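Observations on the three-dimensional arrangement
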Amino acid sequence: MGKKVSIIIPCYNQGMYVAEAIQSALDQTYDNIEIVCVNDASTDNSRKVIQKFANEHNNIIFIENPENKGVVDSRNIAISACSGEYILPLDADDKIMPTYVEKAATILDENPNTGVVYCRVRRFGLKEDEWALGNFETDMLFCNCVANCSMFRKADFMEVGQYNQYMKNGLEDWDLWLGFMDKGFSFHKIDEMLLLYRTYEAESRSNRAQKNEDELFRNIVRNHPQLYLDSDACISKIFKMDYQPKYKKYKNLWILFVVIAVMEFLIIIF
């Protein structure tokens with residue numbers, strides 16, 4: 001039996017989908033799994049759906065938040081309560097393919113320097129296609145190229161500092177991955193579509209994150225300044241910004257970069 005994997009599923013008013021998420025976790029080919037479901041004070045039938053699964057399966061831990069705390073706190077609560085050495089977050093409206101846990105856990109077993117294992121993503125529902133998240137090597141500082149449903153060690157997660165509350169409006173997973181990069185961990189991509197990301201007309205957390213993009217991006221740069229200061233790609237984008245319109249979106253990054261660079265210079269001088 002391999003190391004225990006904890007699949008954590010926070011749920012807020014996603015009673016119509018959460019059964020599919022839980023079932024996809026139960027259908028894994030990997031044996032040593034526990035599933036930690038957090039009902040974040042839902043007002044729909046989420047609690048009833050989760051409780052039914054918990055009553056039928058002894059490897060499901062059901063946590064009830066007395067009040068709505070949001071996905072950042074709910075994920076941190078679930079990870080604190082779980083007993084798995086490896087963690088796989090799964091949103092309540094998404095699903096994973098049966099071999100995802102087995103393949104990701106094997107990679108962590110065999111590669112102690114690897115901090116995060118992720119995969120390609122297939123969208124389903126309103127859109128049916130592969131979700132192109134970008135190239136990790138070239139784009140990770142400028143957009144999130146790693147899906148939230150990626151596996152990592154619980155010990156490394158605690159070292160990195162957990163999900164940050166200042167990212168409660170979105171992109172908390174991107175901020176976490178940059179934290180892993182800050183600590184020098186490498187990332188491994190499984191070249192298969194093992195995560196199924198649901199798309200639908202209702203507003204999602206991804207859509208809300210886009211509305212707060214400037215604020216969230218500022219938070220990310222403030223929390224990971226050295227990554228940006230050390231990035232040749234970042235410097236290249238900044239200096240191209242004046243004559244390439246597609247880089248206008250990095251205006252806030254440029255301002256923060258200049259401020260951080262000046263502070264670093266003053267520290268060296270004085």
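Up top is the structure these notes are about.
The following refers to the structure shown. Quick caveat: nothing in here was measured; it's all calculated off a predicted structure. (Residues numbered from 1 in each chain as written. Predicted model: local features only at pLDDT ≥ 70, side-chain atom pairs only at ≥ 80, totals over all residues. Heavy atoms only, no water.)

Digging into the packing of aromatic side chains
- Applying the stated criterion across every chain, the model contains 12 aromatic pairs.
- An angle of 40 degrees between the planes, with centres 6.2 Å apart, marks the rings of Tyr118 and Phe136 as tilted. In this pair, Tyr118 sits in strand E6 (residues 114-125) while Phe136 sits in helix H5 (residues 136-139), placing the two residues 18 residues apart along the sequence. Each member of the pair, Tyr118 together with Phe136, is buried.
- Aromatic rings pair up to connect Phe152, Phe157, Tyr163, Trp177, Phe180 and Phe185 into one cluster.
- The ring of Tyr163 has Arg75 sitting right over it, with the charged end atom 5.1 Å from the ring centre. (Phe/Tyr/Trp six-rings, centres within 6.5 Å; stacked < 30°, edge-to-face > 60°. Helix = DSSP H or I, 4+ residues; strand = E, 2+ residues; numbered from the N terminus. Buried < 20%, exposed > 50% of the residue type's maximum accessible area, 1.4 Å probe, protein only. Lys NZ or Arg CZ within 6 Å of the ring centre and 35° of its normal.)

A short note on the pairing of E6
- Of all 12 residues making up E6, 9 are buried, and the element is well covered by its neighbours.
- Of the strand pairs in this sheet, E6 and strand E9 (residues 186-199) are connected by 11 bridges, and their pairing is parallel. Along E9, the bridge assignment pairs Thr114 with Ser186.
- Of the strand pairs in this sheet, E6 and strand E8 (residues 151-153) are connected by 2 bridges, and their pairing is antiparallel. Residue pairing in the sheet places Val117 in a bridge with Met151 of E8.
- As judged from the 3 bridges shared by E6 and strand E7 (residues 129-131), these two strands associate in the antiparallel manner. Bridge pairing in E7 links Arg122 to Glu130. (Pairing = 2+ DSSP bridges.)

Regarding the nonpolar core
- Counting residues in hydrophobic clusters, the biggest one holds 39 residues, and the most contacted among them are Val5, Ile7, Ile9, Ile96, Tyr100, Val101 and Met151.
- Contributing elements (two or more residues each) for this core: strand E1 (5-11), helix H1 (18-26), strand E2 (33-39), helix H2 (46-56), strand E4 (86-89), helix H4 (100-110), E6 and E9.
- Sort the elements by how many residues they give to this core and H4 lands first, with 6 residues.
- Other than its neighbours up to four places away in sequence, Val5 contacts Tyr30, Asn32, Ile33, Glu34, Tyr86, Val101, Ala105 and Met151.
- Ranked by size, the runner-up nonpolar core spans 37 residues in total, among them Val38, Cys82, Phe152 and Phe157. (Core = buried A, V, L, I, M, F, W, Y, C linked by side-chain atoms within 4.5 Å. Contact = heavy atoms within 4.5 Å.)

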